[in-house]
Amino acid sequence: MLFIGKRRNLSSRRIVVAGANFAGLCAARSIPQAWSVTVLDPNPFFEFLPNIHELVSQRKSPKSLRLDKAAIIKRAGHKWVGERVTAIRPDKKQIVCSSGDSLGYDALILAVGGVNNTFGIEGAARYSMPFKSPDHCAAINRRLENLVHRQKGIRVVIVGGGLEGVEALGEILRRFGRHPGLKISVVEGQDRLLPEAPPVIDPEVRRHCRGLAVKFLTGEKVAQVREGAVVLASGKSLETDITLWTGGAKAPDLLYESGLAQRPGAWAKVDKHLASQAHPAIFVAGDAAQLDSALPKQAYHAMDMGRLSAQNAMNLLDGKALKIYSPSAKPALISFGEMDAFAVSGNKVFAGTVFNAAKEAVYQLVMARMDSSWPLARAARASWRGAQGALTLALGSASSLERLLALGKIRALR
Ligand SMILES: Cc1cc2nc3c(=O)[nH]c(=O)nc-3n(C[C@H](O)[C@H](O)[C@H](O)COP(=O)(O)OP(=O)(O)OC[C@H]3O[C@@H](n4cnc5c(N)ncnc54)[C@H](O)[C@@H]3O)c2cc1C
């Protein structure tokens, strides 16, 4: 079905995009129709992962976080194949798909993201629930709803006190916080919550949880997960009815198996043009890419990398100079249920629920940009302008910042 054997005369223009979420979809959409572009991904939906925590509280439905990839790719004038890439043969410039067909390329853009990482901890994959997709978070919600209706005491353990863990905690408290029997433990291996963010957020999260049945176990590592218990390396054992694993991500095996990464679980090393250091006709974009200087694995970087890798794939095939990727600085927005939200820009941190509105506006805007038929497109642009104004005020101009601070809309955390 898919087999493209010899190069056609018009070839040297065949670009294959493997993986089509933030990075891959942005890459594909920025390549003009004149190119021969094939996009492969086994998941039919673009999924807006930064807001999946809201499925835990039913603030959003899985449908509201999804877009139809095939329609978006077809609208861009490219070919959509709903299959997984199972192997890459860089020496032959060929990929193999899950159907067994192979497909030739002149340039490949690899944007396959990461997979859940349980770090080989015994029982973690079997007895904990991952937190990496709309399906995962909807399943967590169903399990919690079920427990709330069935039993008086509910013990939740969240493994990982990073961004995902804190956002999950906020949503559990939003929906189930009034349940008298709810007890939550958050286990984080580092000595504070959100170790990747400035330290001022940790005490704020703890302050909001004062008086609630939430226990923070920082500086504690998980040794084993069993049915009904999470065992810590310190020897403590936490009883649990539901264990959420928000502990991290690793690279898919495909990267190592294709010679793009040096060991299993490692990301693909790229140069300043996002070209694979091992195979220059392969560009790697988004979470799957490992630059020389560490970059947070964030959707906004993935989208920028997607667009640049597309440009560089075309430049390579046109014999033009490649562009250098320089990450843009954007504030990270972390929500904490209905209680608070944080905007982190470098080492500056501001707090206030206004940032939840900003996060919602970012979601609306990205959905509208990915799919012009997104129903809220116009409203999204308007709400983004409003939120952008708030963010600029909050993070940019000193006098406006003082006004917002004086109004009590936001707090500067020090
Ligand atoms: C819970 C959570 C919260 C987050 N919050 C934020 C946030 O607030 N802000 C932010 O900026 N970022 C956030 N992120 C990170 C952000 O979602 C990622 O940085 C972003 O998704 C990376 O985009 P990507 O396109 O590189 O990879 P992904 O979005 O992971 O997409 C990879 C795609 O590749 C496909 N694929 C995988 N293997 C193959 C294969 N072999 N063949 C073909 N296709 C394949 C997958 O089906 C998927 O569609 C969050 C992530 C999670 C999980």
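On a predicted model such as this, the values are computed, not experimentally measured, just so you know.

### Here we look at the overall build of the protein
- Looking only at helices and strands, one finds 12 helices and 26 strands in the protein.
- For the protein, the proportion of its 414 residues judged to be buried stands at 45%.

### Focus on the pairing of strand β7 (residues 94-97)
- Residues Ile-95 and Cys-97 point to one face of β7 and are all buried, whereas Gln-94 and Val-96, pointing to the other face, are not buried.
- By the bridge criterion, three bridges tie β7 to strand β8 (residues 102-104) in an arrangement that is antiparallel. Paired with Gln-94 across the bridge in β8 is Gly-104.

### Looking at helix α7 (residues 201-208)
- All buried positions along α7 are accounted for by Ile-201, Asp-202 and Val-205. Buried residues of α7, viewed axially, fall in a sector of 105°; they line one side. Away from its buried face by more than 90 degrees, α7 exposes Pro-203 and Arg-207.
- For α7, the secondary structure elements touched by its buried residues are α6 (163-176), β23 (332-336), β24 (340-345), β25 (348-351) and β26 (411-413).

### Examining the site of the ligand
- By nearness alone, 33 residues border the ligand, and Gly-19, Asn-21, Pro-50, Gly-113 and Gly-286 come closest of all.
- Sorting the residues of the shell around the ligand by element identifies α1 (22-29), α6 and α9 (299-318) as the ones contributing at least two each.
- Its residues assigned to classes, the shell around the ligand comprises 20 nonpolar, seven polar and six charged.
- Residues lining the shell around the ligand come from more than one domain, with at least three contributed by each of domain 1 (14-114 + 251-318) and domain 2 (124-245).

### Description of the environment of Glu-122
- When you line up the elements, Glu-122 lands in the loop between β10 (115-116) and α4 (124-127).
- Accessibility expressed as a C-beta count within 10 Å gives 14 for Glu-122, which makes it partly exposed.
- Taking the C-alpha atoms as reference points, Glu-122 and Gln-224, 102 residues apart in sequence, are found 5.0 Å from one another.

### Brief notes about the environment of Phe-350
- On the secondary structure map, Phe-350 appears in strand β25.
- C-beta crowding within 10 Å serves as the criterion here: with 23 such atoms nearby, Phe-350 is assigned to the buried category.
- Residues Phe-350 and Val-200, spaced 150 residues apart in sequence, show a C-alpha to C-alpha distance of 9.8 Å.

### Topic: the sheet that holds β26
- Across the sheet, which stays open at both edges, the four strands sit in the order β23-β24-β25-β26 with antiparallel pairing between neighbours. With one partner strand each, in any of the chains shown, β23 and β26 form the two edges of the open sheet. For this sheet the average axis-to-axis angle between neighbouring strands, irrespective of direction, equals 25°.
- Note that β24 and β25 share four bridges and pair antiparallel. Within the sheet, the bridge partner assigned to Ser-345 lies in β25 and is Lys-348.
- Here α7 sits on the sheet and contacts β23, β24, β25 and β26; the angle it forms with β24, its principal contact strand, is near 180°.

### What to know about the packing of α1 against α9
- The geometry of α1 relative to α9 is characterised by a closest axis approach of 7 Å and an angle of 35° between their N-to-C directions. The handedness of the crossing between α1 and α9 is right-handed. Taken together, the residues of α9 that come into contact with α1 (itself represented by Phe-22, Ala-23, Gly-24, Cys-26 and Ala-27) are Ala-299, Ala-302, Met-303, Met-305, Gly-306, Arg-307, Ser-309 and Ala-310.
- Class assignment for the residues of the contact of α1 with α9 results in nine nonpolar, three polar and one charged.

### Quick word on the sheet that holds β8
- Pairing within the open sheet is antiparallel, and its three strands lie in the order β6-β7-β8. Single-partner strands in this sheet number two, and they are β6 (85-89) and β8. Across the sheet, the mean angle separating the axes of adjacent strands is 25° when strand polarity is ignored.

### Overview of the pairing of strand β16 (residues 229-232)
- Of the strand pairs in this sheet, strand β15 (residues 222-226) and β16 are connected by four bridges, and their pairing is antiparallel. Residue pairing in the sheet places Gln-224 in a bridge with Val-231 of β16.
- In textbook terms, the turn of a hairpin is the stretch between consecutive antiparallel strands, and for β15 and β16 this stretch comprises two residues, one of which, Gly-228, has a positive phi near 85°.
- With three bridges joining them, β16 and strand β17 (residues 237-239) adopt antiparallel strand pairing.

### So, α1
- Judged by how many residues are buried, α1 sits mostly within the fold: eight of eight residues are covered.
- Along α1, the residues classified as buried are Phe-22, Ala-23, Gly-24, Leu-25, Cys-26, Ala-27, Ala-28 and Arg-29.

### Re the environment of Ala-321
- Along the chain, Ala-321 falls in the loop between α9 and β23.
- In this structure the C-alpha to C-alpha distance between Ala-321 and His-273, which are 48 residues apart in sequence, comes to 9.9 Å.

Rules of the game
- Residues numbered from 1 in each chain as written.
- Predicted model: local features only at pLDDT ≥ 70, side-chain atom pairs only at ≥ 80, totals over all residues.
- Helix = DSSP H or I, 4+ residues; strand = E, 2+ residues; numbered from the N terminus.
- Buried ≥ 20, exposed ≤ 12 C-beta atoms within 10 Å, placed from the backbone.
- Pairing = 2+ DSSP bridges.
- Arc of directions from axis to C-beta.
- Contact = placed C-beta atoms within 7 Å.
- Near = placed C-beta within 6 Å.
- Nonpolar A, V, L, I, M, F, W, Y, C, P; charged D, E, K, R; others polar.
- Domains from an automatic or database assignment.
- Axes fitted to C-alpha atoms, helices over the stretch in contact; angles between N-to-C directions.
- Left-handed = near helix turned anticlockwise from the far one by under 90°.

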